[in-house]
Amino acid sequence: MSQATVFHKQEAILKASQVTVQFGGFKAIDNFSFRIDDHEIHFLIGPNGAGKTTFLDAVCGKTSTTSGKLLFENQTELFKKKEFEIVRLGIGRKFQAPSIFTNLSVADNLELAMKQDKRLLPILKAKRNGGEESSIEEMLKLINLKVARNQEAGALSHGQKQWLEIGMVMMQQPHLLLLDEPIAGMTEEEEEKTGHLLCELKKKCAILVVEHNMDFVRSFSDKVTVMHQGQWLCDGTMEDVQENDQVLDVYLGRREVNA
Ligand SMILES: Nc1ncnc2c1ncn2[C@@H]1O[C@H](COP(=O)(O)OP(=O)(O)OP(=O)(O)O)[C@@H](O)[C@H]1O
């Protein structure tokens, strides 16, 4: 293989092989295989209870896999790793529940997210160095919150809070970003801005998103994987998967696609 071929070959950031997650006798994920490449926005879709969130939980170490392999960047098996170890390896997750400090400024929230030592006082008393200052500035610009840098985070709109949280996860410079329904509760304008934010972020990392809003998936996905009853149903582009008869039957329905 020539050097040029090696450089242009897509690298898998995460490969799941035959992963099963069992709660008692119930398989929330059943023999599921999956792959996401670097710089890809990959949506995980499927009916309620399909196992999408459980898969994110398994990747970030919140839930243990019962069997199968989860290989990160071709070399690290995530099985049995603790959540903080997985964060350090380069997998960041934004949870649905808010985790911002509402009475700190937007910039202070980003600074806090950047530090390994999360004790508030020493961080807020210490003067930021030039490198930290420019990382915060860059992130403020990316998440569209430059004008709100000194505003208390609690006073932001719902959409702005979501972007701040995404920014906080990004301050750890993850190679893989996990998002669970990032546009829930947003206005149409905020949804659009979030989509464009994801397109910017994919220049820095791969992004795996659980989502039910099919218009959003259609607009911003590179690839889509459909899950059903814990199992892989199909994957491909959104155009591909919305023509799959099984996907139409169990999830999308005929009317949605016709519309
Ligand atoms: N800790 C748990 N203990 C027992 N069952 C669980 C647990 N967590 C999830 N489940 C079950 O596993 C199945 C998959 O749940 P999961 O939340 O992953 O689905 P989902 O595809 O994300 O659904 P939704 O789109 O509604 O969020 C569901 O039947 C759920 O009730």
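These figures come from a predicted structure and were not determined experimentally.

Counting its secondary structure elements, the protein chain contains 11 helices and 10 strands. With 259 residues in all, the protein chain has 36% of them scored as buried.

It is worth spelling out the nonpolar core at this point. Counting 67 residues, the largest nonpolar core has V59, L176 and I207 as the members making the most contacts within it. Sort the elements by how many residues they give to this core and helix α7 (residues 158–170) lands first, with 6 residues.

Let's shift gears to the packing of helix α4 (residues 106–114) against α7. In helix packing, the relevant descriptors are the interaxial angle and the interaxial distance, both defined with respect to the helix axes. In contact at an axis separation of 8 Å, α4 and α7 are set at 30° when each is read in the N-to-C sense. Viewed along their axes, α4 and α7 adopt a mutual orientation that is roughly parallel. Handedness of the α4/α7 crossing: right-handed. Touching V106, N109, L110 and A113 of α4 are L164, G167 and M168, all from α7.

So, about the sheet that holds strand β6 (residues 91–94). Read from one edge of the open sheet, 6 strands run β6-β7-β8-β3-β9-β10, paired in mixed fashion. Of all strands in the sheet, those with a lone pairing partner are β6 and β10 (231–236), marking the two edges. For this sheet, the mean inter-axis angle between neighbouring strands, taken without regard to orientation, is 20°. By the bridge criterion, 4 bridges tie strand β3 (residues 41–45) to strand β8 (residues 206–210) in an arrangement that is parallel.

A word on the pairing of β10. In terms of strand pairing, strand β9 (residues 223–228) meets β10 through 5 bridges, oriented antiparallel. The partner of T225 across the bridge, within β10, is D235.

This part covers the confidence of the model for the protein chain. The pLDDT averaged across the protein chain works out to 89; a share of 89% of its residues lies at or above 70. By mean pLDDT, helix α1 (residues 3–8) is the weakest element of the protein chain at 40, and β8 is the strongest at 98. Across residues 1–8, confidence stays below pLDDT 50; counting only partners more than four residues off in sequence or on other chains, it has 1 contact. Confidence metrics for the complex model read pTM 0.90 and ipTM 0.97.

The antiparallel open sheet is built from 4 strands, whose spatial order is β2-β1-β4-β5. For this open sheet the edge positions go to β2 (26–37) and β5 (76–77), each flanked by a neighbour on one side alone. When strand β1 (residues 12–23) meets strand β4 (residues 67–72), the two strands line up antiparallel, connected through 5 bridges. From the neighbouring strand, A16 faces β4, where its bridge partner is L70. Of the strands in this sheet, β1, β2 and β4 are in contact with helix α2 (residues 52–60), which crosses β2 at around 70°.

Turning our attention to the site of the ligand. The full set of residues close to the ligand is F23, A28, G46, N48, G49, A50, G51, K52, T53 and T54. Of the residues forming the shell around the ligand, the biggest block, 3 residues, is contributed by α2. A breakdown of the residues in the shell around the ligand according to their chemical character gives 3 nonpolar, 6 polar and 1 charged.

Calculation rules
- Residues numbered from 1 in each chain as written.
- Predicted model: local features only at pLDDT ≥ 70, side-chain atom pairs only at ≥ 80, totals over all residues.
- Helix = DSSP H or I, 4+ residues; strand = E, 2+ residues; numbered from the N terminus.
- Buried ≥ 20, exposed ≤ 12 C-beta atoms within 10 Å, placed from the backbone.
- Core = buried A, V, L, I, M, F, W, Y, C linked by C-beta atoms within 7 Å.
- Axes fitted to C-alpha atoms, helices over the stretch in contact; angles between N-to-C directions.
- Parallel < 35°, antiparallel > 145°, perpendicular 65-115°, else oblique.
- Left-handed = near helix turned anticlockwise from the far one by under 90°.
- Contact = placed C-beta atoms within 7 Å.
- Pairing = 2+ DSSP bridges.
- pLDDT = per-residue confidence, 0-100.
- Near = placed C-beta within 6 Å.
- Nonpolar A, V, L, I, M, F, W, Y, C, P; charged D, E, K, R; others polar.

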